[in-house]
Amino acid sequence: QKFEFLQTDAYCRICKWAYAKRYGLGWNHEHQTIEEPLVSSRTMCVSPDGFLVRPFRETWFALSNPAASAKTAAAVTEDCDDENAISRTQTIQNDLFTVHRTLSHHDSIVDILIPEIKSSHDEQIVLRLEVPIQNWEGAHFRDVHQLFPSQHVSTYSSIAIQDRKSRLTILTNWQTQLRCPTHGTVEIVVQDDAVNEQENRGEIRKIRVILEDTSSLRDVLTEYETSPFALPLIQDFLD
């Protein structure tokens, strides 16, 4: 079993390894084969009521009343309305706020576009993302996009969490609060209660979510290092 991978030509193994690293796929070092990522997915699963449940679970709520205002999938389910969907537009609405958002899935990443947000009492509207990553006590890396050269560094925000097997990186095209209250959970303030800049400026807020496996050979749990897969995706978002 130790030398089973030698039955595959060395050139083929190099091609497979390069393909896995470029497209964020898993890699079995023992068998020298491509594997599906642990927490990421090459398909987007949207629940019948229109909320994303894979590769991560989304929840929208107003900070003043999280329990009463929370909008998420009706149940913890893997039932997909359309597992092969690459784009989904929905209006998320309750008594406190209305959010128009579009999900776009490509290259194993998810982009969230928010063209319009309305709230009845200038609520602080929060998007919570949940993934099966065991980052101890909510440990995270803040503003990882500042490692990249870009004129937008000072006006964007980002955060990354990781464990020994997986990493989640989130970028926004505006300055906002990004927090990690517990393991596997990131909260993004999509509208602040002080001012509603989006209505005044008419901007489209964009969020990019990158999920990938970490490398046991390259990555250190207490340090953030951009992978060959994430590097062009982050630079593209900043440009």
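Residues take numbers from 1 onward in each chain, read along the sequence in its written order. Local features in a predicted model are, by the rule used here, given only for residues with pLDDT of at least 70; side-chain atom pairs are given and counted only at 80 or more, and totals for whole chains, interfaces and linings are based on all residues. Excluded from the side-chain calculations are hydrogens and water; all other atoms, namely the structure's heavy atoms, are used.

*Asks:* What should I look at first to understand helix H4 (residues 230–238) in this one?
*Replies:* Structural remark: α-helix, 3.6 residues per turn; residues separated by three or four positions point the same way. Relative accessibility under 20% of the residue-type maximum defines a buried residue, over 50% an exposed one, and the middle range a partly exposed one, all with a 1.4 Å probe and only protein chains included. Secondary structure elements are taken from DSSP: a helix is a run of H or I of four residues or more, a strand is a run of E of two residues or more, and numbering for both begins at the N terminus. Every buried residue of H4 is accounted for by Ala230, Leu233, Ile234, Gln235, Phe237 and Leu238. Taken together, the buried residues of H4 touch strand S9 (109–119), strand S13 (166–172) and strand S16 (205–213). By definition in these notes, contact holds between two residues if any of their heavy atoms fall within 4.5 Å.

*Asks:* Would you mind going over the sheet that holds S9 with me for this structure?
*Replies:* Consider a sheet: its strands pair through backbone hydrogen bonds, and that pairing is either parallel or antiparallel. When DSSP finds two or more bridges between two strands, those strands count as paired. The antiparallel open sheet is built from seven strands, whose spatial order is S7-S8-S9-S16-S13-S12-S11. The open sheet has two edge strands, strand S7 (87–93) and strand S11 (141–142), and neither has a second partner. Relative to S9, strand S8 (residues 97–106) runs antiparallel, the two being bridged by nine bridges. Considered in S9, the bridge of Thr102 is made with Leu113.

*Asks:* Is there a simple way to think about the nonpolar core in this case?
*Replies:* One recurring pattern in soluble globular proteins: nonpolar side chains tend to sit buried together. Residue types Ala, Val, Leu, Ile, Met, Phe, Trp, Tyr and Cys, when buried and joined through side-chain atoms within 4.5 Å, form a set referred to as a nonpolar core. By size, the foremost hydrophobic cluster in this structure holds 38 residues, and its most contacted members are Phe56, Trp60, Leu168, Ile170, Ile188, Val190 and Ile207. Ranked by residues supplied to this core, first place goes to S9 with four residues. Not counting chain neighbours up to four residues away, the residues in contact with Ile207 comprise Val110, Asp111, Ile112, Ile114, Leu127, Ile170, Leu171, Thr172, Trp174, Ile188, Val190 and Phe237.

*Asks:* Just checking my understanding: could you explain the pattern of salt bridges for this structure?
*Replies:* Oppositely charged side chains may form a pair once their charged atoms are brought near each other. Whenever a carboxyl oxygen of Asp or Glu lies within 4 Å of a side-chain nitrogen of Lys or Arg, that contact is scored as a salt bridge. In total, this model carries eight salt bridges according to the counting rule given. Among the salt bridges present, the one from Glu116 reaches Lys118, with a minimum N-O distance of 3.1 Å. In this structure Glu116 comes out as partly exposed when scored by relative accessible area, which is 29%. Ionic pairing is found between Glu203 and Arg205, a salt bridge with its closest N-O pair at 3.0 Å. Exposure class is identical for Glu203 and Arg205. Each is buried. Put simply, Asp111, Arg208 and Asp236 are held in one network by salt bridges that share partners.

*Asks:* Would you take a moment to explain unusual backbone geometry for this structure?
*Replies:* Negative phi is the rule for most residues except glycine; trans is the rule for most peptide bonds. The omega torsion across Arg54 and Pro55 is 15°, close enough to zero to call that bond cis. Inspection of the secondary structure puts Pro55 in the loop between strand S4 (52–54) and strand S5 (57–62). At Glu137, a position not held by glycine, the phi torsion is positive, near 55°. Assignment of secondary structure puts Glu137 in the loop between strand S10 (125–130) and S11. Within the chain, Asp143 stands out as a residue other than glycine whose phi angle is a positive 55°. Within the element layout of this structure, Asp143 appears in the loop between S11 and strand S12 (157–162). Look at Asp143 and you get partly exposed, because its relative accessible area is 26%.

So, to be careful, I would describe these as geometric facts and stop short of saying anything about function.
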